[in-house]
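# Secondary and tertiary structure notes
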Amino acid sequence: MSAEAAAYDPSQAPQRGHDNPALNAQAFQRGIAAAPAAERAGMTVTGTYVKTGFLLVLLIAAGAFGWSQVEIRTINGQEIAIQPTWTWLAILLTLVFGFAGIFAFQWIPLLAIGYALSEGALLGIAAHAFDLEWDGIVLQAIVATIAVFTATLLLYGTGVIKVTSKLAMGVAIAMGGLLVLWTTTWLLSLFGLDFSFWSEPSPWGIGLSVLIVILAALNLPLDFAFIERSAAAGAPKQLEWYGAFGLMLSIIWMYVAILRLLALLRASQ
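For the structure given in this document, a descriptive report is provided here.

Assigned secondary structure in the protein chain consists of 9 helices and 2 strands. Starting at the N terminus and walking to the C terminus, you meet the elements of the protein chain as α-α-α-β-β-α-α-α-α-α-α. Across the 269 residues in the protein chain, those meeting the buried criterion constitute 45%. A fraction of 83% describes how many contacts in the protein chain between residues 6 or more apart in sequence connect residues 24 or more apart. Looking at the protein chain as shown, the accessible area adds up to about 13500 Å², and 70% of this sits on carbon and sulfur atoms.

To find the voids left in a structure, one rolls a probe of water-molecule size over its atoms. There is about 550 Å³ of room inside the second largest pocket. Forming the walls of the second largest pocket are 19 residues, and the residues nearest its centre are Leu56, Leu59, Ile60, Ile142 and Tyr255. In the lining of the second largest pocket, the residues fall into 14 nonpolar, 5 polar and no charged.

Time to look at the pattern of salt bridges. Counting across every chain of the model gives 3 salt bridges. Across the pair Glu240 and Lys51 runs a salt bridge, and its minimum N-O distance is 2.7 Å. Taken together, the positions of Glu240 in helix H9 (residues 239-267) and Lys51 in helix H3 (residues 45-68) put the pair 189 residues apart, joining distant regions of the chain. Residue Glu240 is classed as buried on the basis of its relative accessible area of 0%. Between Glu240 and Lys237 there is a salt bridge whose closest N-O contact spans 3.0 Å. Sharing partners across several salt bridges, the network here consists of Lys51, Lys237 and Glu240.

Pairing geometry for strand S1 (residues 71-75) and strand S2 (residues 78-82), over 5 bridges, is antiparallel. Bridged to Glu71 within S2 is Ile82. Counting the residues in the hairpin turn of S1 and S2 gives 2 residues, including Asn76, whose phi is positive at 55 degrees.

Under the relative-accessibility criterion, Lys51 is labelled buried at 17%. A polar side-chain atom of Lys51 sits 2.7 Å from a polar atom in the side chain of Glu240. In this structure Lys51 touches Glu240, Trp241 and Ala244, once residues within four positions along its chain are discounted.

This part is about the packing of H3 against H9. Taken N-terminus to C-terminus, the directions of H3 and H9 make an angle of 50 degrees; their axes are 8 Å apart at the nearest point. Relative to H9, H3 is oriented oblique. Along this stretch, H3 crosses H9, giving a crossing that reads as right-handed. Judged by residue contacts, Gly47, Thr48, Tyr49, Lys51, Thr52, Phe54, Leu55, Leu56 and Leu59 of H3 engage Glu240, Trp241, Gly243, Ala244, Phe245, Leu247, Met248, Ile251 and Ile252 from H9.

Thresholds, definitions, all that
- Residues numbered from 1 in each chain as written.
- Predicted model: local features only at pLDDT ≥ 70, side-chain atom pairs only at ≥ 80, totals over all residues.
- Heavy atoms only, no water.
- Helix = DSSP H or I, 4+ residues; strand = E, 2+ residues; numbered from the N terminus.
- Buried < 20%, exposed > 50% of the residue type's maximum accessible area, 1.4 Å probe, protein only.
- Contact = heavy atoms within 4.5 Å.
- Areas by Shrake-Rupley, 256 points an atom, 1.4 Å probe, with all protein chains shown as cover.
- 1 Å grid on protein atoms, 1.4 Å probe; cavity = no way out; pocket = protein on both sides within 12 Å on 5 of 7 lines; lining within 4 Å.
- Points joined across faces, edges and corners; volume = space filled by probe spheres on them.
- Nonpolar A, V, L, I, M, F, W, Y, C, P; charged D, E, K, R; others polar.
- Salt bridge = Lys/Arg side-chain N within 4 Å of Asp/Glu carboxyl O.
- Pairing = 2+ DSSP bridges.
- Polar contact = N/O pair within 3.5 Å; in protein donor to acceptor, adjacent residues only side chain to side chain.
- Axes fitted to C-alpha atoms, helices over the stretch in contact; angles between N-to-C directions.
- Parallel < 35°, antiparallel > 145°, perpendicular 65-115°, else oblique.
- Left-handed = near helix turned anticlockwise from the far one by under 90°.

See the structure below:
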């Protein structure tokens, strides 16, 4: 084991499931082993949050660019959003940056920035289509995401929300159940079985969307605790970028979950 890995005590970090591909003990151990010696035990909570803020600024800027590239055409009296021709390239880059960011720790600053830009562009393209269908829904989703994130951070910081092994286990089990649901319905749909009820503006669909938003919000305090305890346990400076990357993933998921819930609520009216 390298000196950097030895300096980090994984027992001090919260044991959480694999719901966030970046913020888990196994991923951090790989990153610690690959970290340069000059950056040993330099990770801080403040540094991680500053880098998270920087990535979110890039994400929003890229989202604005993606939004501006969508062409609106009127076909048969109805406005249609036409995505730009380079959308497929953004999808490919997002997949490459996302998977590489989980494993290529020495390149995580560049990979995290690349992911923020490519994913932001995709979110901007999708957001324009959503906003064309339901005017103002994207702004509502952004405001709601900021509100939930801020409230969760305050509740965690003041000790109202305490991250325990039971909470981590409960979130991991719920995430596993959600993954099983998605996988099962997708596989059964290949045989012609219709499970669209959970994605339609029905009581079942809306109820499931509410649960997904709650689950996304519950991931945030786990992320906060993991970052805090990893820094206290002596994680390398390089892993500030890795922590920021992981926290950005959780925020993006929460935004998408909220946007989807709002769309179902608007469609049900």
